[in-house]
Amino acid sequence: MGLLSVRSRCGTMSAMTSPPQPAAPFSVSPAYWSLPADQLLQEVESAAAGLSSAEAQRRLQQVGPNRLDVRQKATPLRLFASQFKSPIIMILLLATVVSAVVQDWLDAVIILLIVLGSAALSFAQEYSASNAAEKLRAQVQIKATALRDGQPSSVPAEEIVPGDVLLLSAGNLIPADSVLLTAKDFFVNQAVLTGETFPVEKQPGVAAAAASLTERNNCLFLGANVRSGSATALAVQTGRATAFGQIANRLTLRPPETEFERGIRRLGYLLSEIMLILVLGIFAVNVALQKPVLDSLLFSIALAVGLTPQLLPAIINTNLAKGSQAMARSGVIVRRLASIENFGSMDVLCTDKTGTLTEGVVRLDGALDAQGQPSELVARGAFLNAHWQTGLTNPLDEAIVAGQALDLAGVEKVDEIPYDFVRKRLSVVLRHAGLALPGAAPSDQPVLIAKGAFEGVLAACTALLDGAQATPLDEARRAQLQQRYADWSGQGYRVLGVAARPVEAKPVYQRDDEQALLFLGFLLFFDPPKPGVRETIADLAQLGVRLKIITGDNRLVAQHTAAAVGMPVDAVLTGRDLDEMHEEALWHAVDHTDLFAEVDPNQKERIVLALQKMGHVVGYMGDGINDAPALHDADIGISVDSAVDVAKEAADLVLLQRDLSVLRQGILAGRKTFANTQKYVFMATGANFGNMFSMAGASLLLPFLPMLPKQILLINLLTDLPEMTIASDNVDEEMVTRPRRWDVGFIRRFMLVFGVLSSVFDFITFGLLIALLHANQTLFHTGWFVESVVSASLVVISLRTRLPFFRGRPGRALLLATALVILAALALPYTPLAAPLGFAPLPLYFLPLIALVVAAYFASAEGAKRWFYRREARRAAAAAGTPAPSLKAL
């Protein structure tokens, strides 16, 4: 699990003392939440000014990084050792030891060298990919704000230590188990640990020593996030010593399986079934035919190795690393590599409209009274609310403050009632606010000023300001206000309401004080559509990605924006509609609905889950606190570098700029990565299955083993070499024009068709070797080895593309590797290595025959490929109920 960030707008604390310098390791009381703040500061040997940088480094060395996982750096030795975790490789090594025990030293050494060579190639690919991926992830490292040397300092969250004083505000993730020192209207979502549905308020103080997690109102827990307010807190426990870490120690927490990982798992099941049947059957038959038991065992295991795409993990990692580097050049940083393949498979993208479809530069176009006329009173009330609120910074408040310059001399803030997604409003209580309200008492009487969503504010009002008089809000006047709201919303304005009332003086104000308010007027904001977004949406549609808008804005504004950017909207669902829908009804509704308005965070999550239930691969793009649940549940969570920490932590991909055109480039990179991974699977399973099927059949017909175990392994190693360059191969345009997903049934059919085709030409080679060459065991092994390596290497050029091979241009690295492997296979029987490997020089007249067989195989593969993909296209069209594509399209 990644860690966690805190950013702050709190500023430097005053009256700070110098940080202490402990001489010995500190210890903390088990019930630290029951201690007064001063005593706890002494226990952890810290102060309100935090730690010095030197002391923080010393403690980091002492307690270790602030992480839940004991993540060890992928050292070369550890990564190399991991190449031998495969059960098949372990069995093969055990059989090699058995060969050595019976003093078959030469075979044991050769097999061991081949296995080590294969592991070295895989290691080189994975090590390079691991380093590249780590460098990219470092670009979006999440940080926290802590007091170091008495000043706020941005610190990597993994370097937070006990004794750090943290500065927290809305949107931050809590980086450590902490105790509050100061807090103002501080609400925290800690459902990840306690399961509480709504945010809870936290305040400084002490809790009982026996208090449960939910009863520790003075404590903050790692993994929680700040919903509103600001605070300073003392970090007490980090990493695995935290409450969350102790749970993680007892549980094996597995992240949700991605669509790509599910495909790989199904492929593994398929290969395991085939391998088990083949290996056990061949071993039993060879033993029954009284062939040497050890040779038969090694032969069977070598068949299993040959059938297994051993380099698949290395190929996947290399493809993903190269894909992440390509996406980084397009402005997309990949935080979780496995999400790249999902990105290419994505067929639905859910996004808010602000900053994605619109410019995201909001401006205040008007502060109007209840009659729709410009009002200084409304403007001042809005300014005071926006200036004094301490919750999450948002563009609407920034636009209000930027548009005015008011004298705040003498204005005194008393309290604040933070925003939440149920009330959809925020209130501040001020003295000397300078608002001329009807029936107002002396200027020092507190005034509550509320601002928020129009319907949320209006619901708390019982009167409206009409001139200088307060007029009761009857149904007719409410209808007039709602009509004005609807008219402005239909023109694309974001409309907020402003209300106020004098309140009695008291130290703390609650949500219940937001009642019997006086409606002052409206705030109108405009966020114009982003230039070029219409074309980008059309490009995404051509790539098979359907865009769905999910917004908290009202339906009229959302519809206006959708129309402005060229999105046809046939149906709209609001949050109220969603509340009245059963899950099954929602599953069917989400498919034909592209606009969801007035939704809350839980409803966003429901929409994403419903789309997944209907078989879609769903991407979700968001940057706010309310987007975190949907980001977590989507197949691909997408955020931006400027997002709040909780959103970035939940995201798989982080955009360096909020632009749909950047996403388009990322989708293409993801699809190229997926296509190249599939190429390797197709080529490895098709060619390998054919070779292994041929060997299995030949072993039943010949008086000797058709290929020695070390020769099978050498074939496997040589034919893998060209395929290791597949990550840099070119991809046909047809492979990136629509989303593609793993289809194990398709792979099975591909393997059978091209495996059988390969076997046909293998048996033709057997006939030539026996009938024309009258080959003994050594010549048979040599002739088939040469034909097998050359044909398997060349057919890669055909099978790597669905187009005719001369139209699907292969990458240079693939062509070079293929040529080198073919030359090596042709030359090997004439080198000193031939005898140890069990080969002998072939008569030169036999080489043209091999060339003829290989040419016929290549031509047949081209014809079979065209027939196979045409049949698959008809199968897919029939399943979808659409007309079969034309021959030209195939």
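Scroll up for the structure.
Residues numbered from 1 in each chain as written. Predicted model: local features only at pLDDT ≥ 70, side-chain atom pairs only at ≥ 80, totals over all residues. Heavy atoms only, no water.

Moving on, we come to the pattern of salt bridges. Scanning the model with the defined rule gives 24 salt bridges in all. For Arg 67, the salt bridge is made with Glu 158, and the minimal N-O distance between the two is 3.1 Å. Of this pair, Arg 67 sits in the loop between helix H2 (53-63) and helix H3 (76-82) while Glu 158 is found in the loop between strand E2 (151-156) and strand E3 (165-169), placing the two residues 91 residues apart along the sequence. The buried category is assigned to Arg 67, whose relative accessible area is 18%. Here Arg 606 and Glu 583 are joined by a salt bridge, their closest N and O atoms 3.0 Å apart. Linking Arg 606 in helix H20 (residues 601-613) with Glu 583 in helix H19 (residues 583-591), this pair joins segments that are 23 residues apart in sequence. Shared partners join several salt bridges into a network, and the residues in it are Arg 749, Arg 871, Glu 872 and Arg 875. (Salt bridge = Lys/Arg side-chain N within 4 Å of Asp/Glu carboxyl O. Helix = DSSP H or I, 4+ residues; strand = E, 2+ residues; numbered from the N terminus. Buried < 20%, exposed > 50% of the residue type's maximum accessible area, 1.4 Å probe, protein only.)

Summarising the element assignment, Arg 800 is placed in the loop between helix H26 (777-799) and helix H27 (812-827). Taking the relative accessible area as the measure of exposure, Arg 800 reaches 4% and is therefore buried. In terms of polar contacts, Arg 800 uses its side chain to reach the backbone carbonyl oxygen of Gly 808, at 2.5 Å. When near neighbours in sequence (up to four residues on either side) are disregarded, Arg 800 contacts Lys 679, Met 683, Asp 729, Asn 730, Gly 808, Arg 809, Pro 810 and Leu 814. (Polar contact = N/O pair within 3.5 Å; in protein donor to acceptor, adjacent residues only side chain to side chain. Contact = heavy atoms within 4.5 Å.)

A few words on a nonpolar patch on the surface. A cluster of nonpolar side chains, contributed by Val 285, Leu 289, Phe 693, Leu 700, Leu 701 and Phe 763, occupies part of the molecular surface with about 550 Å² of accessible area. Residue contributions to the nonpolar patch peak at three residues, all from helix H23 (residues 660-701). When you line up the elements, Phe 693 lands in helix H23. With relative accessibility at 45%, the residue Phe 693 sits in the partly exposed group. (Patch = residues over 30% accessible without salt bridge, like charges linked within 9 Å, V, L, I, M, F, W, Y side chains within 5 Å. Areas by Shrake-Rupley, 256 points an atom, 1.4 Å probe, with all protein chains shown as cover.)

Bringing the nonpolar core into the picture now. Formed by 67 residues in total, the largest nonpolar core has its most connected members in Met 695, Phe 780 and Phe 785. Of all the secondary structure elements, the ones that give two or more residues to this core are helix H8 (259-288), H23, helix H24 (709-723), helix H25 (744-771), H26, H27, helix H28 (834-837) and helix H29 (846-880). No other element matches H26, which puts eleven residues into this core. One finds Val 590, Ala 647, Val 662 and Leu 663 within the second-largest nonpolar core, a separate group that totals 59 residues. (Core = buried A, V, L, I, M, F, W, Y, C linked by side-chain atoms within 4.5 Å.)

This paragraph deals with the environment of Leu 213. Along the chain, the position of Leu 213 falls in the loop between strand E5 (200-201) and strand E6 (219-220). On the basis of relative accessible area, Leu 213 is assigned to the partly exposed category, the value being 24%. For the pair Leu 213 and Leu 193, spaced 20 residues apart in the sequence, the C-alpha separation amounts to 8.6 Å.

The residue Lys 424 is not glycine, and still its phi comes out positive at about 60°. Structurally, the position occupied by Lys 424 is in the loop between strand E11 (412-417) and strand E12 (425-431). A relative accessible area of 24% means that Lys 424 is categorised as partly exposed. One non-glycine residue, His 432, lies in the positive phi region at around 55°. Inspection of the secondary structure assignment puts His 432 in the loop between E12 and strand E13 (447-453).

Each aromatic ring pair is characterised by the separation of its centres together with the angle its planes make. Under the defined criterion, the tally for this structure stands at 24 aromatic pairs. Geometrically, the ring pair formed by Phe 750 and Phe 754 is tilted, given 4.5 Å between the ring centres and 35° between the ring planes. Of the two residues, Phe 750 and Phe 754 both sit in helix H25, four residues apart, roughly one turn of that helix. A relative accessible area of 0% places Phe 750 in the buried class. Through pairs of rings, three or more aromatic residues link up here, namely Phe 682, Phe 746, Phe 750, Phe 754, Phe 868 and Tyr 869. Above the plane of the ring of Trp 33 lies Arg 216, whose end atom (NZ or CZ) is 3.5 Å from the centre. (Phe/Tyr/Trp six-rings, centres within 6.5 Å; stacked < 30°, edge-to-face > 60°. Lys NZ or Arg CZ within 6 Å of the ring centre and 35° of its normal.)

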